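# Coordinate analysis (summary)
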Amino acid sequence: MSALVEKIKAEIAVQGAIPFAHFMDLALYCPEYGFYERESVTVGRSGDFYTSVSVGSLFGELLAFQFAEWLEKTPGDQLQIVEAGAHDGKLALDVLKWLKKFRPELFARLNYCILDPSARRRAWQQKTLAEFDDSVRWLQCGSLNPKFSVRGVIFANELLDAMPVHRLGWDSKKREWFEWGVGMAAEGFIWAKMPKSIGATKLDSLPSELLEVLPEGFTTEISPAAEAWWVSAARSLKAGKLLTLDYGTHNEAGLSPNHPHGTVRAYSRHKFCPDILANAGEQDITANVDFKVIQQCGEAEGVRTEAFISQSQFLTDIASRMMASGNQSLVESPKKSRELQTLIHPEHLGRAFRVLVQSS
Ligand SMILES: C[S@@+](CC[C@H](N)C(=O)[O-])C[C@H]1O[C@@H](n2cnc3c(N)ncnc32)[C@H](O)[C@@H]1O
């Protein structure tokens, strides 16, 4: 039995079933044993997980081009790019290299700040970014607050969909929501119904006509961690843009009818794993971002929604402007053209990934 499984079992032995959000938090982020903490976890086609960053440097270069356009319009002598969830620092490296080469004046008045709660990941990032030692700063977790003002860009790629979620199920007889917790049996961890451990505003405001027809056990998620992160980022942003690129949906009706069992899923080496509770710490766990909720969180803090579009549209627009500005590397390099195809093609990363941009 792994040390992480033992740790979770010990918690359940003391307090009974634990909320799934806590299980997911431990499985992904428990110091030393969580999935994202493991030294051996590698990113890329042959690695444990795969993001737009793994496709090649083009993703970071396109973002750098877009950031430069935004930053040039942001008032202030000193500007910041804040990246949250930088993992091994590869995306930061691609962005910084492009800015240093193509926008040296902007680069000179820029601070690149990284926000990541893990000391271990910070060490990986410092190694990757050694050549940019003077331009990069690491922020303490919780730094994003109204006292810390950012002029520039705050962004995250695939952070919100890796934040812990509470799974809530509908009890049609009692007409109330319960929470899916995690308990244990001889065969391992099992799903256990428990009372709702958290307020869920999005569910409390659902129309009664919808609840009338909701089938028994209909399951959905809420992510207070993702909401709180977005609120704190919106509060910190004094001038500029707040951006996330993530896998998710915009659930107009408040719930996603296409996902009656919710959207939490697990992967190991890119393969779908049917048992979310198995192999804690060795498989990735993720859930769709509810962009409607995230958008509303930002708007309630006073930031304006500028765009909610597919990654395909977002990156295609940037690539066109990049080429129009005279940077022909995209059409001249077959490698870059292939990278662009992978990033924007609907069968790859283009359609499922969405981009939300808000501004202050
Ligand atoms: C799916 S990975 C995304 C990695 C990277 N952004 C990329 O695109 O390849 C999610 C990352 O979020 C980070 N993370 C988790 N919780 C965080 C938080 N509260 N603040 C900042 N980063 C966090 C971890 O570093 C983890 O590596």
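In case you missed it, the structure is sitting above this.
Not measured: the values here are computed from a predicted model. (Residues numbered from 1 in each chain as written. Predicted model: local features only at pLDDT ≥ 70, side-chain atom pairs only at ≥ 80, totals over all residues. Heavy atoms only, no water.)

### Regarding the overall build of the protein chain
What counts is decided by this rule: The way it works is that DSSP assigns letters per residue, a run of H or I at least four long becomes a helix, a run of E at least two long becomes a strand, and they are numbered from the N terminus. Only the C-alpha atoms count toward the radius of gyration. The rule for a globule is 2.2 Å times the residue count to the power 0.38. Relative accessibility thresholds used throughout: buried, under 20% of the residue-type maximum; exposed, over 50%; partly exposed, between the two (1.4 Å probe, protein chains only). Two residues form a contact once any of their heavy atoms are found within 4.5 Å.
Per the secondary structure count, the protein chain includes 14 helices and 16 strands. Over its C-alpha atoms the protein chain spans a radius of gyration of 21 Å, differing by no more than 12% from the 21 Å that the globule rule assigns to 360 residues. Taken along the three principal axes of its C-alpha coordinates, the protein chain extends 65 × 45 × 45 Å. Per-residue burial for the protein chain yields a buried fraction of 55% across its 360 residues. Long-range pairs, those at least 24 residues apart, make up 75% of the contacts in the protein chain with a sequence separation of at least 6.

### Notes on the site of the ligand
As a reminder, the rule being used: Throughout, near means a residue has at least one heavy atom within 4 Å of the molecule or strand. Here a polar contact means two N or O atoms within 3.5 Å. Within protein one must be a hydrogen donor candidate and the other an acceptor candidate, and residues neighboring in sequence count only if both atoms are side-chain atoms. Method for areas: the Shrake-Rupley scheme with a 1.4 Å probe, in which residue coverage is limited to the protein chains shown.
Around the ligand lies a shell of 14 residues, among which Gly 85, His 87, Asp 116, Arg 121 and Asn 157 are the nearest. Here Gly 85 contributes a backbone N or O atom positioned 2.7 Å from a nitrogen atom of the ligand. Contact distances for the ligand include 2.7 Å between an oxygen atom and a side-chain N or O atom of Asp 116. When the ligand sits alone it has 590 Å² of accessible area, and the protein chains cover 92% of it.

### Comments concerning the nonpolar core
What counts is decided by this rule: The set of buried Ala, Val, Leu, Ile, Met, Phe, Trp, Tyr and Cys residues whose side-chain atoms join them within 4.5 Å is what this entry labels a nonpolar core.
Counting residues in hydrophobic clusters, the biggest one holds 49 residues, and the most contacted among them are Phe 67 and Phe 314. In terms of residue count, the dominant contributor to this core is helix 4 (residues 58–72) (10 residues). Once you skip the residues sitting within four places of it in the chain, Phe 314 turns out to touch Leu 63, Gln 66, Trp 70, Leu 243, Leu 245, Ile 309, Val 355 and Val 357. If you look at the next biggest cluster of nonpolar residues, it comprises 28 residues, including Leu 139, Leu 160, Val 231 and Leu 356.

### Some remarks on unusual backbone geometry
A positive phi angle is found at His 87, which is not glycine, with a value near 45°. Along the chain, the position of His 87 falls in the loop between strand 2 (79–84) and helix 5 (90–102). A relative accessible area of 12% means that His 87 is categorised as buried. Even without being a glycine, Asn 279 presents a positive backbone phi close to 45°. Here Asn 279 shows up in the loop between strand 12 (271–273) and strand 13 (284–286).

### Points about the sheet that holds strand 12
Here is the rule we go by: A pair of strands is treated as paired once DSSP finds two or more bridges between them. Axis lines are fitted through C-alpha atoms, for helices just across the contact stretch, and the angle between N-to-C directions can take any value from 0 to 180 degrees.
Read across the open sheet, the 3 strands follow the order 12-11-13; overall the sheet is antiparallel. For this open sheet the edge positions go to strand 12 and strand 13, each flanked by a neighbour on one side alone. Neighbouring strand axes in the sheet, compared pairwise and without regard to direction, differ in orientation by 40° on average. By the bridge criterion, 3 bridges tie strand 11 (residues 265–268) to strand 12 in an arrangement that is antiparallel. Paired with Ser 268 across the two strands is Lys 271, which belongs to strand 12.

### Regarding the packing of aromatic side chains
For any two aromatic rings, the description comes down to two numbers: the centre-to-centre distance and the angle of the planes. Where we set the bar: A pair of aromatic rings is counted whenever rings of Phe, Tyr or Trp (Trp by its six-membered ring) have centres within 6.5 Å, and the orientation is called stacked for planes under 30 degrees apart, edge-to-face for over 60 and tilted otherwise.
In total, this model carries 17 aromatic pairs according to the counting rule given. With a centroid separation of 6.0 Å and 65° between ring planes, the pair formed by Phe 107 and Phe 132 is classed as edge-to-face. With Phe 107 in helix 6 (residues 104–108) and Phe 132 in the loop between helix 7 (119–128) and strand 4 (136–139), the pair connects residues that are 25 residues apart, well separated along the chain. Both residues of the pair, Phe 107 and Phe 132, count as buried.

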